[in-house]
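Structure assessment
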Amino acid sequence: MPALTEKHRQRYDRQFRLGDIGEAGQRKLLGSSVLVIGLGGLGCPAAIYLTAAGVGRIVINDFDTVELSNLTRQIGYGTEQVRQSKVDSMRDHLLHLNPDANVESVGHVMEADELQRRVAEADVVVDCTDNFSTRFAINAACLAAGTPWVSAAAIRFEAQLTTYHPRDAQSPCYRCLYPEGTEAAESCLAEGVLGPLVGTAGCVQAIETLKLLLGIGRSLVGRLLLFDAMQMSWHEIRLKRDPGCPACGDSPQAATS
Amino acid sequence: MARITFTGNVQPHVPCPTETIPGDSVADALGTYFEHHPLARGYVLDDQGAVRRHMVILVDGIPIRDRARLSDALARDSEVFVFQALSGG
Ligand SMILES: [Zn+2]
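Residues numbered from 1 in each chain as written. Chains lettered and ligands numbered in written order. Predicted model: local features only at pLDDT ≥ 70, side-chain atom pairs only at ≥ 80, totals over all residues.

Looking at the nonpolar core
All names here are of chain A. Counting 97 residues, the largest nonpolar core has Val36, Ala47, Ile58, Val125, Val126 and Ala154 as the members making the most contacts within it. Considering every element that reaches this core, the biggest residue donor is helix 10 (residues 195–214), with nine residues. The residues touching Val126, leaving out its near neighbours within four places in the chain, are Val34, Leu35, Val36, Ile37, Ala46, Val150, Gln205 and Thr209. (Core = buried A, V, L, I, M, F, W, Y, C linked by C-beta atoms within 7 Å. Buried ≥ 20, exposed ≤ 12 C-beta atoms within 10 Å, placed from the backbone. Helix = DSSP H or I, 4+ residues; strand = E, 2+ residues; numbered from the N terminus. Contact = placed C-beta atoms within 7 Å.)

Digging into the pairing of strand 1 (residues 2–6) of chain B
Residue and element names in this part refer to chain B. Side chains Ala2, Ile4 and Phe6 project from strand 1 onto a buried face, and the interleaved Arg3 and Thr5 project onto a face without burial. One ladder, built from three bridges, connects strand 1 with strand 2 (residues 19–21); its direction is antiparallel. Counterpart to Ile4 in the pairing with strand 2 is Glu19. Pairing between strand 1 and strand 5 (residues 78–84): five bridges, direction parallel. Each residue of the ladder has a partner; that of Phe6, found in strand 5, is Val82. (Pairing = 2+ DSSP bridges.)

Examining the sheet that holds strand 2 (residues 57–61) of chain A
Residues and elements named next belong to chain A. Taking strand neighbours across the sheet as the criterion, the eight strands line up as 3-2-1-4-5-6-7-8 in an open arrangement whose pairing is mixed. With one partner strand each, in any of the chains shown, strand 3 (102–106) and strand 8 (233–238) form the two edges of the open sheet. Along the sheet, successive strands turn relative to each other by an average axial angle of 15 degrees, direction set aside. Relative to strand 2, strand 1 (residues 33–37) runs parallel, the two sharing five bridges. Residue pairing across strands places Val36 opposite Ile60, the latter belonging to strand 2. With respect to the sheet, helix 7 (residues 132–145) is in contact with strand 1, strand 4 (124–127), strand 5 (149–155) and strand 6 (158–164), its orientation differing from that of strand 4 by roughly 170 degrees. (Axes fitted to C-alpha atoms, helices over the stretch in contact; angles between N-to-C directions.)

A closer look at the pairing of strand 7 (residues 223–228) of chain A
Residues and elements named next belong to chain A. Sheet topology note: the strand 6/strand 7 ladder contains four bridges and is antiparallel. Paired with Gln160 across the two strands is Leu226, which belongs to strand 7. Bridging between strand 7 and strand 8 involves six bridges; their strand directions are antiparallel. Residue pairing for strand 8: Leu226 is matched across the bridge by His235. Following strand 7, the chain reverses through four residues before pairing antiparallel with strand 8; Met232 in that reversal takes a positive phi of roughly 50 degrees.

The analysis is restricted to geometry; functional conclusions fall outside its scope.
This is the structure:
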């Protein structure tokens, strides 16, 4: 774990004061590595808070460019970044925020072997994508590498969040919950999404990621959190690992199907 | 017997209050539920009676296996949750 400088002590003072973090926790964060996949309404606040908190290495991934219609929720970008690459804009933003951070940007869609390598290098993966097929790929890579991942999705006034932890025998995986072939009925493009709603979900992802990195608190493993902003209510559904799951199940036959 | 709950993101479209309903299988219990709330059926099931591809039905925390006929068994106090899988980010 890296030693702390006087600058670190000043910058992270309010985190130091949290008994569950302290100096040892801050050094742990500075020595940690996180992979944030997707830099939209979830990924912007998640990457920003994780960088601000002093996570030492942040790998950010998105192939897209900023559009004017992103700016209601994608708070890492300004009007002058429209049509620029999201990863480049976000990298500038993060380094401006915290020059200590080691930020690597990946501006293309990762093929399976690159995804596998980067997931294995990360302590936690933050899933801020907007589609099921990428989540199935993240699930497979995280299961193979044993890397925990914090997943969220949102539309309109609703968000869903959970954590999958392949090294926790009780943890379901994404494939336990969603069969291959799951399709979105609706998209934010067609249905719309409220900026602070998706931002709240991204902030919860950042909190959950920090807890996992620090090894503190109760994680969201085995719980699907549903946030309904219209009712301003949180609801929790218990999830179990499915022993018959084709991705993480007990039987070798199931595991290969 | 099962307590059937539809999560918030289904309810704006169709009325589907939480109800406790007898039944040995998901098909039994949901069949009765949809008699009480006919509009909910088409939101969850397609015209063949199979679960739509964006819907998830959990029985005691695990998704049902038989998405075509919903033959998964219910215990005496099973909790059935019906929700829509979201993907946006
Ligand atoms: Zn699984």
